[in-house]
Structure formats: structure tokens, C-alpha cells
Amino acid sequence: MCLGIPGQITAITDEARQMGMAEVSGVKREVSLAPVADRPLAQLVGEWVLIHVGFAMAVIDEQEAADTLEALRDLGEAQEALEAMAEGAKALEGAQ
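These remarks concern the structure in this document. Worth saying up front: this structure is predicted, and the values here are computed from it rather than measured. (Residues numbered from 1 in each chain as written. Predicted model: local features only at pLDDT ≥ 70, side-chain atom pairs only at ≥ 80, totals over all residues. Heavy atoms only, no water.)

**Some thoughts on the side chain of Ser32**
Then, in step 1: Summarising the element assignment, Ser32 is placed in strand 3 (residues 27-32).
Then, in step 2: For Ser32, a relative accessible area of 9% corresponds to the buried category.
Then, in step 3: From its side chain, Ser32 meets the backbone nitrogen of Ala34 in a polar contact 3.3 Å long.
Then, in step 4: Apart from residues lying up to four places away in sequence, Ser32 is in contact with Gln18, Met19, Gly54, Phe55 and Ala56. (Helix = DSSP H or I, 4+ residues; strand = E, 2+ residues; numbered from the N terminus. Buried < 20%, exposed > 50% of the residue type's maximum accessible area, 1.4 Å probe, protein only. Polar contact = N/O pair within 3.5 Å; in protein donor to acceptor, adjacent residues only side chain to side chain. Contact = heavy atoms within 4.5 Å.)

Right, dumping it as C-alpha cells:
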């Protein structure tokens, strides 16, 4: 399974190399647009994409991007809760 992070394309940075700037939760990062370059690159500005290891893998709609970001936040919170539970279990084992 691969994990794609939603980001919005904000600019084309190098048309010849099919590179663009994407904003992911307030952080800007240059990504390859080659996998989604089925139209002129300028038309991708403003679009939401799923980004995996520096590549825009698929164009998605804004609602799908919002839903995915919310699910990722929930996963992060669940991971933090699991880590806290594991630390609590270690502390209990040490007290016995």
C-alpha cells in the first residue's frame, strides 16, 4: 500500500521537466507533474493531487482532498493514542 498526501498545485516551476509547486497543509514542495500531465501544465494550477514520494500521482477533487487530509489527521491522533497506551503499559510493567 502506498500513501498519497493531498496537495494543491500552486505554480509550474519548470515546464520542460514537468515540475510544479504543491502546497501540502501550508508547506510548499516541488513535485513532478509527469504522471498527471495529460493536459497543458498551466491547467493543473489550482488542482488538487495525491502526492507520493515527490510525484503527483492522481488529480482529485477538493472534497476528496479534504476527506483524505481529515483521515490522515485522525490516523495521526490514533497513532499518538496507541503510543501513549504502550508507554502506560511499559510503566505498569516496570511498577510490578
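That was the structure; now back to the text.
**Concerning a negative patch on the surface**
Then, in step 1: Negative charge collects at one region of the surface, where Asp61, Glu62, Glu64, Asp67, Glu70, Asp74, Glu77, Glu80 and Glu83 lie side by side.
Then, in step 2: Here Asp74 is to be found in helix 1 (residues 62-95). (Patch = residues over 30% accessible without salt bridge, like charges linked within 9 Å, V, L, I, M, F, W, Y side chains within 5 Å. Areas by Shrake-Rupley, 256 points an atom, 1.4 Å probe, with all protein chains shown as cover. Salt bridge = Lys/Arg side-chain N within 4 Å of Asp/Glu carboxyl O. Lys, Arg positive; Asp, Glu negative; His and termini not counted. Charge placed at Lys NZ, Arg CZ, Asp CG, Glu CD.)

**A closer look at the pairing of strand 5 (residues 55-60)**
Then, in step 1: As defined by bridge partners, strand 4 (residues 48-52) adjoins strand 5 across five bridges and the pair is classed as antiparallel. Paired with Ile51 across the bridge in strand 5 is Ala56.
Then, in step 2: Between strand 4 and strand 5, which pair antiparallel and follow one another directly, the connecting turn spans two residues, one of which, Val53, has a positive phi of 45°. (Pairing = 2+ DSSP bridges.)

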